[in-house]
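# Coordinate analysis (summary)
Spelled out, the chains give:
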Amino acid sequence: MSQLTDTTQFFAVFRFPREREAEVDDFFARHAAWMERVHPREGAEALVQYSVAKGEDDGNIVVLVTEVFASQAGWENHLRIAGSDPDTVDLGTLTEIGEHVIWNPAQVVHTLW
């Protein structure tokens, strides 16, 4: 999907100590595999984009997670799946090794491509 206006985007930013980087990398590899396995790719509940970006801030690792769903129904489906799948790779558990800076769903209002 090249036009993401009116989709629902979940975004989260986390900060971790540098010495936890390998653990963080492993977590996001498992999270990406889980997201790919459990989410539809078509229809109103589709996961249309998923990305994890990693950078640095004052010696810490900073991770930005972006999940874009075709509609609000996709976000709601994601919450249902996460709450019922025994194999959920829960972003909330990351607060055990770092901190979340921001965590929010939002409607995409502008996109260029």
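Criteria and cut-off values
Residues numbered from 1 in each chain as written. Predicted model: local features only at pLDDT ≥ 70, side-chain atom pairs only at ≥ 80, totals over all residues. Heavy atoms only, no water. Helix = DSSP H or I, 4+ residues; strand = E, 2+ residues; numbered from the N terminus. Buried < 20%, exposed > 50% of the residue type's maximum accessible area, 1.4 Å probe, protein only. Axes fitted to C-alpha atoms, helices over the stretch in contact; angles between N-to-C directions. Parallel < 35°, antiparallel > 145°, perpendicular 65-115°, else oblique. Left-handed = near helix turned anticlockwise from the far one by under 90°. Contact = heavy atoms within 4.5 Å. Nonpolar A, V, L, I, M, F, W, Y, C, P; charged D, E, K, R; others polar.

Within the secondary structure, Glu 19 sits in the loop between strand S1 (8-17) and helix H1 (21-38). On the basis of relative accessibility, which here comes to 67%, the residue Glu 19 falls in the exposed class.

This part covers the packing of H1 against helix H2 (residues 72-84). Where H1 meets H2, the axes come as close as 12 Å, and the angle between the chain directions of the two elements is 115 degrees. The angle between the axes of H1 and H2 places the two elements in the roughly perpendicular class. The hand of the H1/H2 crossing is right-handed. In this structure, H1 uses Trp 34, Met 35 and Val 38 to contact H2, whose residues at the interface are His 78, Ile 81 and Ala 82. Its residues assigned to classes, the contact of H1 with H2 comprises 5 nonpolar, 1 polar and no charged.

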